[in-house]
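# Observations on the model geometry
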Amino acid sequence: MAGAQDAVPVSGDQLGTGKGVEETNAQLSLFGGGDENGGIYGGAPSLTIPLGDNGGLQLDGIAGVVADDVGFAGGAAQLFYRDPQKFMVGVVGAGYYIDSYAQYTVAGISEYYLDNITLEATVGYTTGKVLPDQAYGRVGLSIYTNPNLRLGGGLSYSETNEFGGDIQIEALLTDIPGMALFATGAFDNAGATGYGGVRFYFNSGTNLMSDDRTKQASGGPTLIDIQRKLLRQNFFMTDPIGFGLRQISRAGGATKPGGDDYGDITPPPPPPPANTCADLICTVQDTVGQLADQTLISPITDLINGLVDPAGGTLSALTGPLADLTNAGSGALGALTDVVQGLVGTNDSALTPLIDALNTVLQGLSGGADPTQITDQLAALPGADQLTGLLGGLLP
């Protein structure tokens, strides 16, 4: 960003007709970052078209990935009136789609120009499947410390996100006409998002294919010129919390198992622990191990494993083919393993509470506990109402 310090002052000869949009032009932002939901990366293109002397229409797009692997895409249209020496007012319609959820907004936008300071305001209403219907707003300012370096920030509020804020920095590089570096941080009631990247501006004053690196210093548009006389920031990049990348990231995180609730999105439950046993031999080994764990008969587990382990047991010549035959995924008798695992061998098998209870009794007897202590331990197990009476009656 140090290259921005060599910028020339804003000149009336650069873009001095006073129109709201001097010419048709475009921009492209490539970004990457992350937050508590995971990684963020993508791109955001825009096309700006003049409408008369002071009007403009800007079409924005955005697409990428949030929460490491959740794809999203969105679009916006900004219709505005601008006097580049005084103010800008306009309206925006926008929406984005992530996973199976869509969210939309209509917003009013405004800017007021005080020399090298821009005052900003957005008030909008959002509806869709991500957030409940609600209003939101943001006030902010940008300071151009020199014509090619912008420092910005804002405060926002909505019912779901409560109070939040953002800080932004952008520097237009004088050595590469039309290329800028930017970074943004945003925080709300659940955490913070940070991202940065590179932004390309395409207009008659910049040509990224040119080998003339002195072009901008000799009269190309500066950053303050570009943002007041040629285009507006991509709508999804201006307010990360109200309707931008912070909101999209939180929505993406909420679509993943084990994520945090966000608005109207409730994460699916995390998948059950993977069952490492895929065949009947392994299921029997696990069941015996669960029954004998931390008891006097635990050596039996080692004995059985030494005999039947398909990978190296004494009887592997027999148990190896049997394990292949009963493999739940590929064996001819895989259905038999599924039936057995419905009874034993997994955390949610039908007889798991009984096996846990028997293990508790064996542990108690191995440790010399009296029947009352064993019964108390049984009472703490799931499904203990039936098991306590049955096993407690068998105890001496």
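Just so we're clear, the structure is a prediction, and the values are computed from it rather than from any experiment.

Before going further, it helps to examine the pairing of strand β7 (residues 117-128). Relative to β7, strand β6 (residues 101-114) runs antiparallel, the two sharing 12 bridges. By the bridge assignment, Glu-111 is partnered in β7 with Glu-120. Linking β6 to β7, which pair antiparallel, is a turn of two residues; within it Asp-115 sits at a positive phi near 55°. In the sheet, β7 pairs with strand β8 (residues 134-146) via 10 bridges, with the strands oriented antiparallel. Counted as the bridge partner of Glu-120 is Gly-140 from β8. What sits between the antiparallel neighbours β7 and β8 is a turn of five residues.

Tallying each qualifying case throughout the model produces 11 salt bridges. The salt bridge involving Arg-250 is made with Asp-188; its shortest N-O contact spans 3.0 Å. Taken together, the residues Arg-250 in helix α4 (residues 245-254) and Asp-188 in strand β11 (residues 179-188) connect sequence positions 62 residues apart. By relative accessible area, which is 10% here, Arg-250 ends up buried. Sharing partners across several salt bridges, the network here consists of Asp-35, Glu-36, Asp-188, Arg-246 and Arg-250.

Attention shifts here to empty space enclosed by the protein. Per the stated rule, a full pass over the model turns up three cavities of 30 Å³ or more. Counted as a void, the largest cavity has a volume near 270 Å³. What lines the largest cavity is a set of 23 residues, and nearest its centre among them are Glu-111, Glu-120, Arg-232, Gln-233 and Thr-238. Elements with a contribution of two residues or more to the lining of the largest cavity: β6, β7, β8, β9 (149-158) and α1 (223-230). Across the lining of the largest cavity, the residue classes tally to six nonpolar, 10 polar and seven charged. Estimates place the volume of the second largest cavity at around 40 Å³. Around the second largest cavity, the lining residues are Arg-150, Gln-168, Ile-169, Phe-182, Ala-183, Thr-184, Arg-199, Gln-233 and Met-237. Among the elements of the structure, β10 (162-172) and β11 are those that each provide at least two residues to the lining of the second largest cavity. A total of three residues in the lining of the second largest cavity trace back to one element, the largest contributor, which is β11. Looking at side-chain class alone, the lining of the second largest cavity contains four nonpolar, three polar and two charged residues.

Next up on the list: the sheet that holds strand β5 (residues 87-98). If you walk around this closed barrel you meet the 12 strands as β1-β2-β3-β4-β5-β6-β7-β8-β9-β10-β11-β12, and the pairing is antiparallel. Across this sheet, the average inter-strand angle for adjacent strands is 20°, counted without regard to direction. Pairing of β8 with β9, which is carried by 10 bridges, proceeds in the antiparallel orientation. Of the residues in β9, the one forming a bridge with Ser-142 is Gly-152. Sitting on the sheet, α4 is in contact with β1 (25-35), β2 (38-51), β3 (55-66), β4 (70-83), β5, β6, β11 and β12 (191-202), with an inclination near 15° to β5.

It is worth spelling out helix α7 (residues 316-325) at this point. Along α7, the residues classified as buried are Thr-319, Gly-320 and Ala-323. Angular distribution of buried residues about the axis of α7 spans 105°; they occupy a single face of the element. Facing away from the buried side of α7 by more than 90 degrees, the exposed set consists of Ala-317, Leu-318 and Asp-324. Summarising the contacts, the buried residues of α7 are in contact with α5 (280-292) and α6 (298-308).

Positive phi outside glycine occurs at Asp-115, with the angle close to 55°. Looking at where Asp-115 falls in the secondary structure, it is placed in the loop between β6 and β7.

Per-residue pLDDT for the chain has a mean of 85; in total, 82% of the residues score no lower than 70. Counting interchain partners and residues more than four positions distant, the pLDDT-below-50 stretch residues 1-13 has 25 contacts. Long-range and interchain partners of residues 208-217, a stretch whose pLDDT sits below 50, account for 26 contacts in this model, where long-range means more than four residues apart.

Ranked by size, the top nonpolar core spans 34 residues in total, and within it Phe-31 and Phe-235 carry the most contacts. Secondary structure elements with two or more residues in this core: β2, β3, β4, β5, β6, α2 (235-238) and α4. The element best represented in this core is β5, accounting for five residues. Core analysis: the second largest hydrophobic core is formed by nine residues, Tyr-144, Leu-172, Ile-224 and Leu-231 among them.

We now examine the packing of aromatic side chains. The final tally for this structure, using the stated rule, is seven aromatic pairs. Their ring planes at 55° and their centres at 5.2 Å tell us that Tyr-96 and Phe-243 sit as a pair that is tilted. Of this pair, Tyr-96 sits in strand β5 while Phe-243 sits in helix α3 (residues 240-243), placing them 147 residues apart in sequence. The exposure class of Tyr-96 is buried, given its relative accessible area of 3%. Phe-243 sits in the buried class, given a relative accessible area of 1%. For the ring pair Phe-235 and Phe-236, a centre distance of 6.3 Å and an interplane angle of 70° mean the geometry is edge-to-face. Phe-235 gets classed as buried once you look at its relative accessible area, which sits at 3%. One aromatic cluster in this structure is built from Tyr-96, Phe-235, Phe-236 and Phe-243. We note Arg-199 situated over the ring of Phe-182; from NZ or CZ to the ring centre the distance is 4.1 Å.

What counts and how
Residues numbered from 1 in each chain as written. Predicted model: local features only at pLDDT ≥ 70, side-chain atom pairs only at ≥ 80, totals over all residues. Heavy atoms only, no water. Pairing = 2+ DSSP bridges. Helix = DSSP H or I, 4+ residues; strand = E, 2+ residues; numbered from the N terminus. Salt bridge = Lys/Arg side-chain N within 4 Å of Asp/Glu carboxyl O. Buried < 20%, exposed > 50% of the residue type's maximum accessible area, 1.4 Å probe, protein only. 1 Å grid on protein atoms, 1.4 Å probe; cavity = no way out; pocket = protein on both sides within 12 Å on 5 of 7 lines; lining within 4 Å. Points joined across faces, edges and corners; volume = space filled by probe spheres on them. Nonpolar A, V, L, I, M, F, W, Y, C, P; charged D, E, K, R; others polar. Axes fitted to C-alpha atoms, helices over the stretch in contact; angles between N-to-C directions. Contact = heavy atoms within 4.5 Å. Arc of directions from axis to C-beta. pLDDT = per-residue confidence, 0-100. Core = buried A, V, L, I, M, F, W, Y, C linked by side-chain atoms within 4.5 Å. Phe/Tyr/Trp six-rings, centres within 6.5 Å; stacked < 30°, edge-to-face > 60°. Lys NZ or Arg CZ within 6 Å of the ring centre and 35° of its normal.

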